[in-house]
Amino acid sequence: MTDPTRRPRSDFANDKARPGRILIVDADGEARSRLRTLLSGEGYAAETFAWSGALLDAPLPEAPSCIVVDVGSPAAEGLDLIERLKRRGEPLPVIFISDSADVTLSVRAMKDGAVDFLPRSFARQDLLSAVQCALELDTKRRSKAQLRRAVTRRFETLTPREQQVMDGVVRGLMNKQIAWELEISEITVKLHRSSMMRKMELRSVPDLVRASLSLAA
């Protein structure tokens, strides 16, 4: 049987460091070492932990990351890890490796945010594909979070009246409709609207709508 953690030595010659961090959780020291060798050989920065608690006690990477967790009981270990990461506001993508054939647990894990559920006899390419997918998901998540933080900071600089005008614009109201609703003049609405767009660093209504949606996300 071919060892999925091995590949021809010549493949390592042109390796380049890949973006992203892989956090490996496995109680089996030998298995941890094999996974780390496989992923490091592919250019990934990999870090290992003997159990999920050790991972949760360590500072998580600020770069796009994912977790590869080998569990004997997904309900007791992997699902709890996902839930605790969510509660901390750090919902890193998780890839499960398990011999469990429990379809219910597999489905629950995927619904809770697991990227993939692989058997211990996984093919090397299946793991690498799952890792790449997980890192892409985390990259997008971080990008959205960064945008949301930036938009929130700008929104908080608006006056209460400018926020009301923004709400009207996002709802598709014209200046005169906003003026009627707020019981102010249309000229005043235009002034507030101009100031609001400048503070939000936006140029168009579609951009404003997208920014508003990011605030609600």
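Our subject is the structure listed above.
In short, a report on the structure. Predicted, not measured: the structure shown is a model, and the values here were computed from it.

Quick notes on the rules
- Residues numbered from 1 in each chain as written.
- Predicted model: local features only at pLDDT ≥ 70, side-chain atom pairs only at ≥ 80, totals over all residues.
- Heavy atoms only, no water.
- Helix = DSSP H or I, 4+ residues; strand = E, 2+ residues; numbered from the N terminus.
- Buried < 20%, exposed > 50% of the residue type's maximum accessible area, 1.4 Å probe, protein only.
- Contact = heavy atoms within 4.5 Å.
- Areas by Shrake-Rupley, 256 points an atom, 1.4 Å probe, with all protein chains shown as cover.
- Axes fitted to C-alpha atoms, helices over the stretch in contact; angles between N-to-C directions.
- Parallel < 35°, antiparallel > 145°, perpendicular 65-115°, else oblique.
- Nonpolar A, V, L, I, M, F, W, Y, C, P; charged D, E, K, R; others polar.

## Section: the overall build of the protein chain
So, step 1. The helix and strand tally for the protein chain stands at 9 helices and 5 strands.
So, step 2. Starting at the N terminus, the α and β elements of the protein chain follow one another as β-α-β-α-β-α-β-α-β-α-α-α-α-α.
So, step 3. Looking at the protein chain residue by residue over its 217 residues, the buried ones come to 40%.
So, step 4. Looking at the protein chain alone, contacts between residues at least 24 apart form 66% of all its contacts between residues at least 6 apart.
So, step 5. By element, 51% of the accessible surface of the protein chain is carried by carbon and sulfur atoms, the whole surface being about 12600 Å².

## What about unusual backbone geometry?
So, step 1. One non-glycine residue, Glu183, adopts positive backbone phi at about 60 degrees.
So, step 2. In this structure, Glu183 sits in the loop between helix H7 (175-182) and helix H8 (186-200).
So, step 3. Not every positive phi belongs to a glycine, and Glu201 is a case in point at roughly 60 degrees.
So, step 4. Tracing the sequence through the fold places Glu201 in the loop between H8 and helix H9 (205-216).

## Brief notes about the environment of Gly29
So, step 1. Note that Gly29 resides in helix H1 (residues 29-41).
So, step 2. Residue classification places Gly29 among the partly exposed residues on the basis of a relative accessible area of 38%.
So, step 3. For the pair Gly29 and Ala50, spaced 21 residues apart in sequence, the C-alpha separation works out to 7.3 Å.

## Points about the packing of helix H6 (residues 160-170) against H9
So, step 1. Relative to each other, H6 and H9 sit at 110 degrees, their axes nearing to 10 Å. One way to sum up the angle between H6 and H9 is to call them roughly perpendicular. Where H6 abuts H9, its residues Met166, Val169 and Val170 lie against Val205, Leu208, Val209, Ser212 and Leu215.
So, step 2. Grouping the constituent residues of the contact of H6 with H9 by class yields 7 nonpolar, 1 polar and no charged.

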